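Residues per chain, in single letters:
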Amino acid sequence: MLVHELIQTGSGDKIAIYEKGAAYSYAQLQRKVSQYRSYLYALGVRGHDNVALYARNSAEFIFSYMAIASLGGVVVPLNTMLTPREIAFILKDAEVKHVITDKDINFSGQFEEGSGPPIKVFIADIEKETADKRYPDPSAVLIKESDPCVILYTSGTTGRPKGALLSHNNLVSNARAFSEATESGPDDNTLCVLPMFHSFGWTCTIATPLYNGASITIVETFLPKDVIATIRDHGITLVAGVPAMYNFYTSLAKPEDLAGVRLFVSGGASLPMEILERFHEKTKKHVIEGYGLSEASPVVAFNPLSLTKPGSIGLPVLDNKVKIFDNNGNEMGCREIGELLVQGPNVMLGYYNLPAETAEALRDGWLYTGDLAYIDEDGYIFIVDRKKDMIIVSGLNVYPREVEEILYQYPAIKEAAAIGVPDKSRGESVRAYVVLKEDMKLDKKDLMAFLKSNLAQFKLPREIVEIDSLPKNATGKILKKELRNITS
């Protein structure tokens, strides 16, 4: 099956998408995708073109995504919290020709003369034009399951984002696997409040319900009280979220608000036991934890619904295999900690135009996740730590190096380091440590204004701590572990 064929699974009059003020049956969904497809083809979008998609959570996001895929194009979803600088990097790196967007994003100043920016295609224009005019049907396109479908950009440890290239089969096989793991079916109504540009949101709250001919209820923004009301009033049966969301549900929801939900899923970051226990104590419902990464479409493991182990990410999902290796390539035994390796039909094709990074991540048919874990005697996987220095803010990845590189560009800063610290509402937040140049003073307001112009909101430090020097070892490497004991 191809990704865009997922829209054909439901019966014609069955509601596929609910959103504020609108609902679309499967027949209407198919018609909208066909209209978008014809319009984009008329604009010149062709097979193997990389087409960026910058839009809020909406039915139009799904129409656009499926239309691009049906033309044999490759979708490049853009994180809507990125700055023009960050967006421009991805557009250049992915060699994007068109950007489908629901608002006028100003990234043109980031492009040099002679290398003009991609063409903006406004969703409002698509809606208007396709309402008034019928465009010719595109020529038939031969698309294989192994063909690329999406490039998901993740921050790199060097600060350079990398595009994980995923095929139609990667995505559909993962929707099938997640569907089996969550015992999903056509009667489900899945809440989509996770961002659609994120692999967790797309696979688990869009592709999976479509795979089952089920319904999706779209919420544009996570406003806790509004989301709780949506869960209560719209017959939501499956809720997927990041740990920080469950903190809000525990604090603000009444048990009767969540009574109709058959399954709560947590991913994107480790779920603290304290949150899990408090949620169950208040609602008498369990949160089931899983694990994934963009390079695996993203779901790798999930806890069996009838045999969950709290603190574990569960067992490998359908057709996935995992093993644990040490740094010397030796496979570890039961409960021995090492790097988690994954193999399965959901593992990416590679990083876009990055052969060296691809060869490092994919070795002998295995994806090296960079996460440290162990497997117990029952085969359950437990994540211990992250091998990389990643910080996860509300389920979104932030790499310290990227923040540090921007900090170093500020005129008054001599040295900088960024770490992740616990944050009750976000899971983690960024804390920055800075050493100033001689005779310089720190204007935190000015520094934050500088950072805001170069970094997405979720990457911004919540704290900036000025210190005399950064702790280092004999080779000059910054000892971030020691930084954690230094607070403002």
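Below is a short write-up of the structure. From a predicted model like this one, the values you see are computed outputs, not experimental measurements.

Some points on the pattern of salt bridges
Here comes step 1: Counted by the stated rule, this structure contains 21 salt bridges.
Here comes step 2: Note that Arg335 is salt-bridged to Glu377, the shortest N-O span being 3.0 Å. Taken as a pair, Arg335 in the loop between β16 (321–325) and β17 (338–343) and Glu377 in the loop between β20 (366–375) and β21 (381–386) lie far apart in primary sequence, 42 residues in all.
Here comes step 3: According to the relative accessible area criterion, Arg335 is partly exposed, its value standing at 43%.

Re the pairing of strand β10 (residues 215–218)
Here comes step 1: The two faces of β10 match: Ser215 and Thr217 on one face and Ile216 and Ile218 on the other face are all buried.
Here comes step 2: For strand β1 (residues 15–19) and β10, the ladder comprises two bridges, and the chain directions are parallel. Residue pairing in the sheet places Tyr18 in a bridge with Thr217 of β10.
Here comes step 3: Relative to β10, strand β9 (residues 189–192) runs parallel, the two being bridged by four bridges. For Asn189, the partnering residue across the bridge sits in β10 and is Ser215.
Here comes step 4: Chirality of the crossover, the property in question, places the unit of β9, helix α6 (residues 199–211) and β10 among those that are right-handed.

Some words on the layout of surface pockets
Here comes step 1: In this structure, the second largest pocket occupies an estimated 900 Å³ of space.
Here comes step 2: At the level of elements, α6, α8 (243–252), β25 (427–436), α12 (444–452) and β26 (461–466) are the ones that each hand at least two residues to the lining of the second largest pocket.
Here comes step 3: Here the element with the most residues in the lining of the second largest pocket is α8; it accounts for three residues.
Here comes step 4: Here the residues of the lining of the second largest pocket are counted per class, giving 20 nonpolar, 10 polar and five charged.

What counts, and where the lines are drawn
- Residues numbered from 1 in each chain as written.
- Predicted model: local features only at pLDDT ≥ 70, side-chain atom pairs only at ≥ 80, totals over all residues.
- Heavy atoms only, no water.
- Salt bridge = Lys/Arg side-chain N within 4 Å of Asp/Glu carboxyl O.
- Helix = DSSP H or I, 4+ residues; strand = E, 2+ residues; numbered from the N terminus.
- Buried < 20%, exposed > 50% of the residue type's maximum accessible area, 1.4 Å probe, protein only.
- Pairing = 2+ DSSP bridges.
- Right-handed = clockwise from strand over helix to strand, strands pointing away.
- 1 Å grid on protein atoms, 1.4 Å probe; cavity = no way out; pocket = protein on both sides within 12 Å on 5 of 7 lines; lining within 4 Å.
- Points joined across faces, edges and corners; volume = space filled by probe spheres on them.
- Nonpolar A, V, L, I, M, F, W, Y, C, P; charged D, E, K, R; others polar.

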